[in-house]
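Understanding the architecture of this molecule
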Amino acid sequence: MSSLGSEGVLAGMTDDNLCMEIDPPLTDDYATTEDWRWALGKVVPSVVVLRTTICRTFDTEAAGASQATGFVVDKHRGIILTNRHVVKPGPLMAEAMFVNREEIPVYPVYRDPVHDFGFFRYEPSAVQFLDYDEIPLAPEAARVGLEIRVVGNDSGEKVSILAGTLARLDRDAPCYKKDGYNDFNTFYIQVTAASGTKGGSSGSPVIDRQGRAVALNAGGKTSGASAFFLPLERVVRALAILQIGNDSVTNKASIPRGTLQATFLHKGFDETRRLGLRSKTEQIVRNASPPAETGMLVVDSVVPYGPADKRLEPGDVLVCLNGEVTTQFLKMESLLDDSVDCNVELQIERGGKPLTLTLTVQDLHSVTPDHFLEVGGAVIHPLSYQQARNFRFQCGLVYVADQGYLLSRAGVPRHAVIKKFAGEDITRLEDFVSVLSKLSRGVRVPLEYISYKDRHRRKSAIVTIDRHEWYAPPELYTRNDSSGLWTIRPALPPESPLLSPPLTNRVADLSAASILLHDLSLQEPRQETDNRDNAVPERVIEPSLVMLEVHVPLSCMLDGVNSKHFSGTGVIVYHSRNMGLIAVDKNTVVVSVSDVMLSFAAYPIEIPGEVVFLHPVHNFAFVAYDPSALGPGASLVRAAQLLPEPALCRGDSVYLVGLSKSLQATSRKSFVTDPSAALDIGSSPSPRYRATNMEVIELDSDFGSKFSGVLADELGRVHAIWGSFSNYVKYNSSSSEGQHQFVRGIPIYAISQILDKIVSGADTGPVRLVNGIKRNMPLVRILEVELFPTLLSKARSFGLSDTSIQALVNKDPIRRQVLRVKGCLAGSKAENVLEQGDMLLAINKDPVTCFRHIEDACQQLDRCNQTNGVLTLTIFRQGREIEVAVGTDVRDGSGTTRMINWGGCVVQDTHSAVRALGFLPRVGHGVYVVKWCHGSPGNRYGLHVTQWIVEVNGKPTPDLDAFSAVTKEIEHGEFVRLNTIYLTGKPRVLTLKQDLHYWPTWELRFDPEIAMWRRTTIKALESSIV
């Protein structure tokens, strides 16, 4: 398998050609150890380690950070040669490190559209402490049997020297990937070595004993000790043009490149005869070619609608180009490069028939995109020649390089080609931008596309324009080779409705919310007769069921959320003219920073919902919807009747009712096997919400781990929601670890209590807008302690007295358990009072045996207006019973409502799942990193998740306000010193270079006054917007 050196193993390989092992000829210039010592001493100082950060996915390359190698080829102008797949076609930030560890910024000045070479430029005066020279290029020195050395950054090593022998000069260009970059229309040099080159060696010079570069390392075989080198003839031409220009960076047109949009392969004479080459023609070619010539160029593929389309065909054998016999790639490429926008004459043979064709040579740079649109995280640009060749599409079509959030939410894949948008044909990127400029926030429009994997059928999707400000307004990026940067400007005119700020709904009087709609679903039962036992509850519950599709923006994955898409079934628990409320598990609605779409079983419509409450402990959330958006369906939808009491008991029969993928009600009769099973869910490596201090309902049978719904009695009254839970599981094999999903019943009592508070609006919690009505949302008083049950028989072994055991048995003869402290949440009021292993016996002298007893005691504090919120606990610790006063904490149901994106990293206040681990770095502990973006400074310098930033340049950052103030002072291009602490408590110091051009600092905050997420720029590089 072949691979690009700096990119690791790339899938999608084509069959590799077999080659003969050629014994190197005997030569008189055998290199001694001293020769190589002298050559390497001259070369090594000129070889640099290139650290590149690809800031956006573009064309064939994905965003990310990597290491590669380059070498100085012009010391006075500051030019470094490396591979094209290192320079990259898209936005890139790079640094070069010399052998003495001097680091200097470099920027790309040229990347060849086809061949695997490119150039960086640097300021020569920036290298102050190293004596080095440029490495001369000598492509003519490459020959079979030549002993060489590859000097580079192999496998991440600063300097690596590998020995080898050139074995073949006419190897086919390796095919790395079916949907990525590939070189073609050139020979490659193959080498045999003791070990092949690996990741990081891309761009290494291949030197001879005189210290000359005879080839450029490009890739290797992962299955053997072979490497592939690019010949340097075309590199020498490109470098000469750059040098002849002037000392400033030239633009792309300064290096002429021509193309017919056709791929040729070099085939042996035997194969060309089988393709129909006449003996007479073969003889003419042999006579006009060097004696060592072994074959001719044959057309392999032609790009649709290119200059050669419908003129050349696969299998055509090229005989002459402009009247000259042409059997080598180098000669063909030279003629084409010198004939841009001119006609060339091709003499070919097709199946034994000679043909003469006149074709116009196209400017290769004109089919190599130098601009793109970024909208909703998606990167869209004209289809490049590279990808058009891979996919057999026309160059210039509107191509999705990265779906981002906008298109991934719609199910549009990467590499798609957009054909229609909002009903209008799309042939150019300008067409797409024009349609986009007419759309408003929140609208949903159709999009048609094709994919190279299913090229003969158009597919359709519904694209939702972001209503919240998850992303910056659409921007156009254009490459500027003079600066090495991509200039950024707004893509839409100022009057575009998409640039208008989000509007609020009218604030109505709260009393209007109490008017209930007349429910027609009870008066219009199903016409068919259904005698099943579960027919009644299924029919009653169905109008209350809703399927939720939840999408989390990639730029805002807060609280350790582990996926960008969730789905599940919820139940309508309130429905009025002004507000509808749906109860659903928190494994479906994980965070409030999300887009929720609702599909109703009672009426075929899909409308948006808003997350209005996330319970801080229990596994449920409330999603609100606007009943008026249902239209006629508003009268068909109804709220389920909740039955919090009496609680279910073991052996009770219930009906499990939910929705299938086709939104059909599905149900079955089941029996309760355990009405009070205590959950024990472990933490994941990246902490996220996990249900704690909960008792759930278990059944004897269900529909599997992905089916959610409700548990109802025979009259359709809801006892519990059948919700999804997530548990991190690690098996013996590390590849088997991950999130395990399971379903259990969540008793309805807690849901009913919160629902009453939301509807009444009598709580003193935070005010937020819900469907145009300002409402006070509930506050929840909790004891921030994680508990677990222990059997009384085990508790006796720890020394618990018979009197205490009997008191607990009398309180609850069924459970026969005592609650023990597993840990306190860091920063809670209980943290310094309770200890791990404490047994909780009573609250205010009243025995405690289950989690609900604690919840009831906390609610009693609110009812009694206990402002201090202190509980008197009787605990058993180290062989004796003691009483302690423990403070409770008050939490709202808003979830995380603020984040800052700095350096491509998402930072927030420490969320409860992290605090549940029992550790915070210090008082005013710092901001917590929950996500980093590919191609960002955080990616490049290793500022990864699950760590706190406690200081920036020596200044404490205890919270987001302090962090914002400190980072606002840092300018573009400055290095920043960060003090961080991992979850393990391990401190770390790292440096990071701020990039405000591609990664401005911005804040996302929920505005409860308008119920919208608003984006605010904290600091950006003004010159990036041109």
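Residues numbered from 1 in each chain as written. Predicted model: local features only at pLDDT ≥ 70, side-chain atom pairs only at ≥ 80, totals over all residues. Heavy atoms only, no water.

1. Some points on the overall build of the chain
What counts here: Only DSSP runs of H or I reaching four residues or more are called helices, and only runs of E reaching two or more are called strands; each is numbered from the N terminus. To get the radius of gyration, use the C-alpha atoms; to get the globule rule, take the number of residues to the power 0.38 and multiply by 2.2 Å. Any two residues having at least one pair of non-hydrogen atoms within 4.5 Å are treated as being in contact. In these tables, accessible area is a Shrake-Rupley quantity obtained with a 1.4 Å probe, and a residue counts as shielded only by the protein chains included in the view.
Counting secondary structure elements, the chain contains 17 helices and 61 strands. The C-alpha atoms of the chain give 34 Å as radius of gyration, which agrees with the globular expectation for 1026 residues (31 Å, within 12%). By principal-axis analysis of the C-alpha atoms, the chain measures approximately 105 × 65 × 50 Å. Expressed as a percentage of contacts within the chain between residues at least 6 apart in sequence, the contacts between residues at least 24 apart total 68%. With an accessible surface of roughly 41400 Å², the chain has 50% of that area assigned to carbon and sulfur atoms.

2. Examining the packing of aromatic side chains
Put simply, the rule is: A pair of Phe, Tyr and Trp rings is counted when the ring centres sit within 6.5 Å of each other, with Trp represented by its six-membered ring. The angle between the planes then sorts it: under 30 degrees is stacked, over 60 is edge-to-face, the rest tilted. A simple rule labels every residue: compare its accessible area, found with a 1.4 Å probe on the protein chains alone, to the largest value its type can have, and call it buried under 20%, exposed over 50%, or partly exposed in between. For a Lys NZ or an Arg CZ to count as sitting over a ring, it must be within 6 Å of the ring centre and within 35 degrees of the ring normal.
Counting across every chain of the model gives 26 aromatic pairs. Here the aromatic rings of phenylalanine 58 and phenylalanine 372 are separated by 5.6 Å at their centres, their planes lie at 50°, and the arrangement is tilted. A residue pair is termed long-range when its members are at least 10 positions apart, and phenylalanine 58 in the loop between strand 2 (47-54) and strand 3 (64-74) and phenylalanine 372 in strand 22 (residues 371-375) qualify at 314 residues. Each member of the pair, phenylalanine 58 as well as phenylalanine 372, is classed as buried. Centroid distance phenylalanine 98 to tyrosine 132: 5.3 Å. Interplanar angle 45°. Geometry classified as tilted. Placement of the pair is phenylalanine 98 in the loop between strand 5 (92-97) and strand 6 (103-111) and tyrosine 132 in the loop between strand 7 (118-121) and strand 8 (147-152), with a sequence separation of 34 residues. When sorted by exposure, phenylalanine 98 lands in the same class as tyrosine 132, which is buried. Aromatic rings pair up to connect Phe58, Phe372, Tyr477 and Trp486 into one cluster. The positively charged end of arginine 56 is found above the aromatic ring belonging to tryptophan 999, 4.7 Å away from the centroid. Over the aromatic face of tyrosine 132 sits the side chain of lysine 75, whose NZ or CZ is 5.0 Å from the ring centroid.

3. Topic: the sheet that holds strand 4 (residues 79-82)
Test applied: Here the rule is simple: two strands pair whenever DSSP picks up at least two bridges between them. To obtain each axis, a line is fitted to C-alpha atoms, and for helices this fit is confined to the stretch in contact; angles are then taken between N-to-C directions over 0 to 180 degrees.
Sheet architecture is closed into a barrel: six strands sit in the order 2-3-4-7-6-5, paired in antiparallel fashion. Across the sheet, the mean angle separating the axes of adjacent strands is 40° when strand polarity is ignored. Bridge count between strand 6 and strand 7: four bridges; the pairing is antiparallel. When the bridges of strand 7 are listed, tyrosine 107 appears paired with arginine 121. The strands touched by helix 3 (residues 233-245) are strand 3, strand 4, strand 6 and strand 7; relative to strand 7, the strand with the most contacts, the crossing angle is about 35°.

4. As for the confidence of the model for the chain
The criterion, for reference: Note: pLDDT gives the predictor's confidence per residue, expressed from 0 to 100.
Mean pLDDT over the chain works out to 89, with 90% of the residues at or above the 70 mark. For residues 6-28, every residue scores under 50 in pLDDT, and the model assigns this stretch 43 contacts once sequence neighbours within four places are set aside. In this model, residues 247-253 is a region of pLDDT below 50 whose contacts with residues beyond four sequence positions or in other chains number 16 contacts.

5. Topic: the environment of arginine 891
Looking at the element boundaries, arginine 891 is found in strand 52 (residues 889-892). The exposure class assigned to arginine 891 is partly exposed, which follows from its relative accessible area of 28%. C-alpha of arginine 891 to C-alpha of proline 616: the two residues are 275 residues apart in sequence and 6.9 Å apart in space.

6. Focus: helix 17 (residues 960-967)
To keep it simple, the criterion reads: Counted as a polar contact is a pair of N or O atoms within 3.5 Å, where, for protein atoms, one must be capable of donating a hydrogen and the other of accepting one, and residues adjacent in sequence contribute only when both atoms are in side chains.
In terms of residue burial, helix 17 counts as a mostly covered element, since six of its eight residues are buried. On the buried face of helix 17, the contacting elements are strand 53 (898-902), strand 54 (905-908), strand 55 (927-932), strand 56 (947-952), strand 57 (955-956) and strand 61 (1012-1019). For helix 17, the side-chain oxygen to backbone nitrogen distance between the N-cap and aspartate 961 is 3.3 Å, and the N-cap itself is aspartate 959.

7. Details of unusual backbone geometry
With omega at -5°, the peptide bond leading from glutamate 645 into proline 646 counts as cis. In this fold, proline 646 is placed in the loop between strand 36 (621-625) and strand 37 (653-659). One non-glycine residue, lysine 310, adopts positive backbone phi at about 65°. Its location among the elements puts lysine 310 in the loop between strand 16 (295-302) and strand 17 (317-321). Residue lysine 310 is classed as exposed on the basis of its relative accessible area of 72%.

8. So, the sheet that holds strand 34 (residues 595-600)
Two modes of strand pairing occur in sheets, parallel and antiparallel, and in both the strands are linked by backbone hydrogen bonds. Here we have six strands rolled up into a closed barrel, ordered 31-32-33-36-35-34, and antiparallel in their pairing. Each strand of the sheet is rotated relative to its neighbour by a mean of 40°, with strand direction disregarded. Pairing between strand 33 (residues 580-584) and strand 36: five bridges, direction antiparallel. Residue valine 584 lies in a different strand from strand 36, and its bridge partner there is alanine 621. Running over the sheet, helix 11 (residues 748-760) touches strand 32 (565-575), strand 33, strand 35 (606-614) and strand 36 and is turned about 40° from strand 36.

9. Topic: the pairing of strand 35
Counted residue by residue, strand 35 has seven buried out of nine residues, so it is predominantly covered. Pairing of strand 34 with strand 35, which is carried by four bridges, proceeds in the antiparallel orientation. Bridging across to strand 35, leucine 598 finds its partner in isoleucine 607. Count of turn residues in the strand 34/strand 35 antiparallel hairpin: five residues. Between strand 35 and strand 36, which pair antiparallel one after the other, the connecting turn spans six residues.

10. Section: the packing of helix 3 against helix 6 (residues 329-337)
Threshold: For classification purposes, angles smaller than 35 degrees are called roughly parallel, those larger than 145 roughly antiparallel, those between 65 and 115 roughly perpendicular, and all remaining angles oblique. Classification used: nonpolar for Ala, Val, Leu, Ile, Met, Phe, Trp, Tyr, Cys and Pro, charged for Asp, Glu, Lys and Arg, polar for all others including Gly.
Contact geometry for helix 3 and helix 6: axes closest at 11 Å, N-to-C directions at 25°. One finds that helix 3 runs roughly parallel with respect to helix 6. Contact with helix 3, carried on its side by Glu233, Arg234 and Arg237, involves Leu330, Glu333, Ser334 and Asp337 of helix 6 and no other residues of that element. The residue inventory of the contact of helix 3 with helix 6, partitioned by class, reads one nonpolar, one polar and five charged.

11. Looking at the pattern of salt bridges
Spelled out, the test is: We define a salt bridge as a contact between a side-chain nitrogen of Lys or Arg and a carboxyl oxygen of Asp or Glu at a distance within 4 Å.
Scanning the entire structure with this criterion turns up 61 salt bridges. The salt bridge involving glutamate 784 is made with arginine 915; its shortest N-O contact spans 2.6 Å. Of this pair, glutamate 784 sits in the loop between strand 45 (779-782) and strand 46 (785-791) while arginine 915 is found in helix 15 (residues 912-915), placing the two residues 131 residues apart along the sequence. By the burial criterion, glutamate 784 is buried, and arginine 915 matches it. Where glutamate 1003 meets arginine 1005, a salt bridge forms, and the shortest distance between an N and an O atom there is 3.2 Å. Note on glutamate 1003: relative accessible area 10%, which makes it buried. The class for arginine 1005 is partly exposed, based on a relative accessible area of 38%.

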